[in-house]
Amino acid sequence: MTHPTDSILIVDFGSQVTQLIARRVREAGVYSEIAPFTTAEAAFARMAPKGVILSGSPASVLDEGSPRIPQAILDSGVPIMGICYGQQVLMQQLGGNVTLGESGEFGHAVIEITDDCVLFDGVWKTGEKHTVWMSHGDKVSALAPGFRPVAVSPGSPIAVVADDSRKYYATQFHMEVAHTPDGAKLIANFARHVCGLTGDWTMAEFRAAKVAQIRAQVGSGRVICGLSGGVDSAVAAVLIHEAIGEQLTCVFVDHGLMRTGEAEQVVSLFRNSYNIPLVHVNAEETFLAGLAGETDPEKKRKFIGGAFIDLFEEEARKVGGADFLAQGTLYPDVIESVSFTGGPSVTIKSHHNVGGLPERMNMQLVEPLRELFKDEVRALGMELGLPQAFVGRHPFPGPGLAIRIPGEVTKERCDILRKADAIYLEEIRAAGLYDTIWQAFAVLLPVRSVGVMGDGRTYDNVLALRAVTSTDGMTAEAFQFPGDFLPRVATRIVNEVKGINRVTYDYTSKPPGTIEWE
């Protein structure tokens, strides 16, 4: 990959929050990449980073075969910062000692600053006490030569250590999580004051580097891109088109499971605003026929995914084939799909657009967003001139309304849900709440209820409304609407959408629930 000269490599030892380290570094205006410890040496050679951060880990440095820092990194002379396990493995490999703690520290802890340190510049002063987030059982019992302790906690006499001559620093607590209020500032200090980086990495710089990379990868080849109607594939397509122009063809398979006006918006945006070659496949009948009678959510997902691939391949052949397939794969997808040990057992989840293609497609992948997080993709979209209303849209699942209709999916039920969902989102926008909410949508339940409308009895569908706040979709809380909002929306839906006579609101958080219902 083409990457900025000024960068930081994050060596992943398997922590569930390693992504957050990358986020904090990028928030400091410095480009960062994550590499599992098994491939960190190669990543280090490729990137030539100005600094290295060592992540936490579920492993213990006392276990046989536990992860280690590549010797090439230790021999390089670049600044290093260790976090939790990263501190322990740094100490052990450099001649210190780690022991099994009599009692671990988990959750909030208070540390006391005992000495000055460049990490603390402008943030913490000697003698002060500050809240941090701990999650460890082992602890450093003897410092490696050259290090000095600069902070302590009740459960960890060596909470922060410093070796100023080598520019090595390490914390026992997790500075990357929000539960350590000043953690982002400490990471920024490492990037700027220790590594000497200016913090001027921008989305414009990423855009220019990525355009050059796409041109180098594709050459005179042809690229085909599947549009889902979502932000990721749209941004990927516009970026690729900037790089190679008419060598790109987009295919939009309209499965008839989109929200009101969504398909028309996608077609108009690409054909009229960007003049990008677009094949629009109206496949509503195909998808609804295949979904007829099916109520199992996993089978619905698999059918939709399989049918999409089949139709996409058919259209690719019609346009004369292609050498490359473009995808809107994001960095969290890549990280979650790669086991830090290289084995399948601890992979968090598999993603359909990570890890290659069916061999029969015989195409190489172009994934220009592979190093970006969701909010960075939105920023790139704005940089490319995509409309704010499009770039800022809430996430929408690939299977579309099919997984917002528990039970059988029919055209009639899709139309009912579309109308109700449109009213809900219209009211959210009118109230100025759309950008405050991570995701909002309606679910048409496989439940009917008795109602009274006028002088008559009704027996119609029940609709559930869902709205959540979140930062990354991994956890979520139900959005608390102002008092009169939900009654107003319920009244509009019942009055304006034939087939619904009752509206409920889903207050479940994630976990234990999920954001979507299926």
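Worth saying up front: this structure is predicted, and the values here are computed from it rather than measured.

**Some words on the UniProt feature "binding site: ATP" (unreviewed entry) in the protein chain**
As recorded in UniProt, the sites labelled "binding site: ATP" (unreviewed entry) are S228, G229, G230, V231, D232, S233 and A234. Relative to the helices and strands, S228 is located in the loop between β10 (223-227) and α7 (231-244). Judged by relative accessible area, which is 42%, S228 ranks as partly exposed. In this fold, D232 is placed in helix α7. Excluding anything up to four places from it in sequence, D232 contacts G328, L330, L369, K374 and V377.

**With respect to the nonpolar core**
Residues Y424, I428, L463, L465, F481 and I493 are the most contacted members of the largest nonpolar core, which totals 47 residues. Secondary-structure elements contributing two or more residues to this core are β11 (248-254), α9 (284-291), α10 (297-318), α14 (411-430), β15 (439-453), β16 (456-469), α15 (485-496) and β18 (500-505). Sorting elements by how many residues they give to this core places α14 first, with eight residues. Counting residues domain by domain, this core receives three or more from each of domain 2 (203-391) and domain 3 (410-505). If we ignore the near neighbours within four places in the chain, the residues touching Y424 are A440, F441, A442, L465, R466, A467, F481, F485, V489 and Y505. Counting residues in hydrophobic clusters, the runner-up holds 44 residues, among them V223, L239, F270 and V366.

**Comments concerning the pattern of salt bridges**
Evaluated as defined, the whole model comprises 29 salt bridges. D164 is the salt-bridge partner of R148, the closest N and O atoms lying 3.0 Å from each other. One end of the pair, R148, is in strand β7 (residues 148-153); the other, D164, is in the loop between β8 (156-163) and β9 (168-171), and 16 residues separate them in sequence. Looking at D164, the relative accessible area reads 38%, which means it is partly exposed. Of the charged contacts in the structure, one is a salt bridge between E496 and R492, with a shortest N-O distance of 2.8 Å. Residue E496 and its partner R492 are located together in helix α15, separated by four residues, close to a single helical turn. Residue E496 is classed as partly exposed on the basis of its relative accessible area, which comes to 46%.

**Notes on the UniProt feature "active site" (unreviewed entry) in the protein chain**
Following the UniProt record, the feature "active site" (unreviewed entry) maps to C84, H174 and E176 here. For the annotated residues, spread through 93 residues, the largest C-alpha to C-alpha distance comes to 10.8 Å, consistent with a single compact locus. Secondary-structure assignment places C84 in the loop between β4 (80-83) and α4 (85-93). Under the relative-accessibility criterion, C84 is labelled buried at 5%. Mapping H174 onto the fold places it in the loop between β9 and α5 (183-194). A polar side-chain atom of H174 sits 2.9 Å from a polar atom in the side chain of E176.

**Some words on the packing of helix α6 (residues 203-218) against helix α12 (residues 374-383)**
A pair of packed helices is characterised by two quantities: the angle between their axes and the separation of those axes. Relative orientation of the contacting elements α6 and α12 amounts to 80°, with a least axis distance of 10 Å. Relative to α12, the element α6 lies roughly perpendicular. Contacts between α6 and α12 involve M203, A204, F206 and R207 from the former and E376, A379, L380 and E383 from the latter.

**Here we look at the sheet that holds strand β12 (residues 278-282)**
The five strands are arranged β12-β11-β10-β13-β14 in an open sheet whose pairing can be described as parallel. Only two strands of the sheet have a single neighbouring strand rather than two, namely β12 and β14 (364-366). Sheet twist, expressed as the mean angle between neighbouring strand axes with direction ignored, is 25°. Bridge count for β10 against strand β13 (residues 324-326) is three bridges, and the pairing is parallel. Paired with C225 across the strands is A326, a residue of β13. This element, α6, spans β10, β13 and β14 of the sheet and lies at about 165° to β14.

**Section: the packing of α6 against α7**
For the pair α6 and α7, the least separation of the axes is 9 Å and the interaxial angle reads 65°. One way to sum up the angle between α6 and α7 is to call them roughly perpendicular. Crossing hand, α6 versus α7: right-handed. Between α6, through R207, K210, V211, I214, R215 and V218, and α7, the contact on the second element is made entirely by L239, I240, E242, A243 and I244. Across the contact of α6 with α7, the residue classes tally to seven nonpolar, no polar and four charged.

**Considering the packing of aromatic side chains**
Within the structure shown, the criterion is met by 14 aromatic pairs. Aromatic pair W201 and F206: ring centres 6.3 Å apart, planes at 90°, arrangement edge-to-face. Classification of W201 by relative accessible area gives buried; the value is 12%. Arranged with centres 4.9 Å apart and planes meeting at 80°, the rings of F479 and F481 form a pair that is edge-to-face. Neither F479 nor F481 differs from the other in exposure class; each is buried. The structure contains a cluster of three or more aromatic residues connected by ring pairs, namely Y424, F479, F481, F485, Y505 and Y507. Here R404 stacks its cationic end above the ring of F441, 4.0 Å away from the centre of that ring. In this structure, R429 packs its charged tip against the face of Y434, placed 3.8 Å from the ring centre.

**With respect to the layout of surface pockets**
The volume enclosed by the second largest pocket comes to roughly 260 Å³. Looking at the second largest pocket, it is lined by 13 residues, and the ones nearest its centre are R259, T260, E262, L425 and R429. Considering each element in turn, the lining of the second largest pocket owes the most residues, five residues, to α14. Taken together, the residues of the lining of the second largest pocket break down into four nonpolar, three polar and six charged. The two domains that each donate at least three residues to the lining of the second largest pocket are domain 2 (203-391) and domain 3 (410-505).

**Overview of α9**
Buried within α9 are the following residues: E284, F287, L288 and L291. End-on, the buried residues of α9 take up no more than an arc of 95°, which puts them together on one face. Facing away from the buried surface of α9 by more than 90 degrees, the exposed residues are E285 and A289. The first or second residue beyond α9 is G293, which carries a positive phi of 80°.

The rules behind the values
Residues numbered from 1 in each chain as written. Predicted model: local features only at pLDDT ≥ 70, side-chain atom pairs only at ≥ 80, totals over all residues. Heavy atoms only, no water. UniProt positions renumbered as here; feature names shortened; annotations may be inferred. Helix = DSSP H or I, 4+ residues; strand = E, 2+ residues; numbered from the N terminus. Buried < 20%, exposed > 50% of the residue type's maximum accessible area, 1.4 Å probe, protein only. Contact = heavy atoms within 4.5 Å. Core = buried A, V, L, I, M, F, W, Y, C linked by side-chain atoms within 4.5 Å. Domains from an automatic or database assignment. Salt bridge = Lys/Arg side-chain N within 4 Å of Asp/Glu carboxyl O. Polar contact = N/O pair within 3.5 Å; in protein donor to acceptor, adjacent residues only side chain to side chain. Axes fitted to C-alpha atoms, helices over the stretch in contact; angles between N-to-C directions. Parallel < 35°, antiparallel > 145°, perpendicular 65-115°, else oblique. Pairing = 2+ DSSP bridges. Left-handed = near helix turned anticlockwise from the far one by under 90°. Nonpolar A, V, L, I, M, F, W, Y, C, P; charged D, E, K, R; others polar. Phe/Tyr/Trp six-rings, centres within 6.5 Å; stacked < 30°, edge-to-face > 60°. Lys NZ or Arg CZ within 6 Å of the ring centre and 35° of its normal. 1 Å grid on protein atoms, 1.4 Å probe; cavity = no way out; pocket = protein on both sides within 12 Å on 5 of 7 lines; lining within 4 Å. Points joined across faces, edges and corners; volume = space filled by probe spheres on them. Arc of directions from axis to C-beta.

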